[in-house]
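# Understanding the architecture of this molecule
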Amino acid sequence: MKNNICIKCGSKNLKENEKEFTFTFPNPGTVVVKQLCEECQDCGETYLDEHQAIDLARKVDNSKKKLD
């Protein structure tokens, strides 16, 4: 995803990096996955394109299954 500006703060200072996302579920509990995304360097807002969002969902599902 190549945003021109952050929709939260208006900054043009966006950088692609790998970020850890933490999800908490009643069972099995907390799942942490790393995903490539674009992040605003001024306010920290995170942006995922369609493929990154699908990949993140797949990683979360796989991590949950490992904990079951």
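As the structure is a computational prediction, the values presented were derived from the model and not from experiment.

About the cut-offs
Numbers given to residues run from 1 along each chain, matching the order in which its sequence is written. Under the rules for a predicted model, residues below a pLDDT of 70 receive no local features and side-chain atom pairs below 80 are neither given nor counted, while totals for whole chains, interfaces and linings still include all residues. Just so you know, side-chain values use all the structure's heavy atoms and leave hydrogens and water out. Secondary structure counts use DSSP, requiring at least four H or I residues in a row for a helix and at least two E residues in a row for a strand, with both numbered from the N terminus. C-alpha atoms define the radius of gyration, and 2.2 Å times the number of residues to the power 0.38 defines the globule rule. Under the scheme applied here, a residue whose accessible area is under 20% of the maximum for its type counts as buried, over 50% as exposed, and between as partly exposed, the area being computed with a 1.4 Å probe on protein chains only. Residue contacts are counted whenever heavy atoms from the two residues lie within 4.5 Å of one another. The Shrake-Rupley method, run with a 1.4 Å probe, gives the accessible areas here. Residue values count only the displayed protein chains as cover. When charges are counted, Lys and Arg are positive and Asp and Glu negative, with His and the chain ends excluded. By convention, the point assigned to a charge is CZ for Arg, NZ for Lys, CD for Glu and CG for Asp. What makes a salt bridge here is a side-chain nitrogen of Lys or Arg within 4 Å of a carboxyl oxygen of Asp or Glu, nothing more. To estimate how far a helix should reach, multiply one less than its number of residues by 1.5 Å. Think of it as the arc spanned by the lines of direction from the helix axis to the C-beta atoms.

In this section: the overall build of the protein chain. A tally of regular secondary structure across the protein chain gives one helix and three strands. Counted from the first residue to the last, the protein chain has its helices and strands arranged as β-β-β-α. By the compact-globule yardstick of 11 Å for 68 residues, the protein chain is too spread out, its C-alpha radius of gyration being 14 Å. Principal-axis analysis of the C-alpha atoms gives the protein chain an extent of 40 × 20 × 15 Å. The burial tally for the protein chain puts 25% of its 68 residues in the buried class. Considering only intrachain contacts with a sequence separation of at least 6, the fraction spanning at least 24 residues in the protein chain is 48%. As displayed, the protein chain has an accessible area near 4800 Å², and 48% of this comes from carbon and sulfur atoms. If the 11 positive side-chain charges of the protein chain are averaged to one point and the 12 negative ones to another, these points end up 2 Å apart.

Tallied over the full model, the rule gives four salt bridges. Note that lysine 19 is salt-bridged to glutamate 39, the shortest N-O span being 3.4 Å. With a gap of 20 residues between them, lysine 19 in strand β1 (residues 14-24) and glutamate 39 in strand β2 (residues 30-40) connect regions that are remote in the sequence. Residue classification places lysine 19 among the partly exposed positions, given a relative accessible area of 24%. Since its relative accessible area comes to 16%, glutamate 39 is described here as buried. One connected set of salt bridges, linked through shared partners, spans Asp55, Arg58 and Lys59.

Glancing now at helix α1 (residues 50-67). Taking 1.5 Å per residue, 18 residues should reach 26 Å; α1 reaches 26 Å between its end C-alpha atoms and fits that length. Within α1, the full set of buried residues consists of Gln52, Leu56, Val60 and Ser63. Summarising the axial view, the buried residues of α1 lie within an arc of 75°, below the 170-degree limit, and thus occupy one face. Exposed residues on α1 whose side chains face more than 90 degrees from its buried face are Glu50, His51, Ile54 and Lys65.

Everything listed here is a matter of geometry and, on its own, says nothing about what the molecule does.
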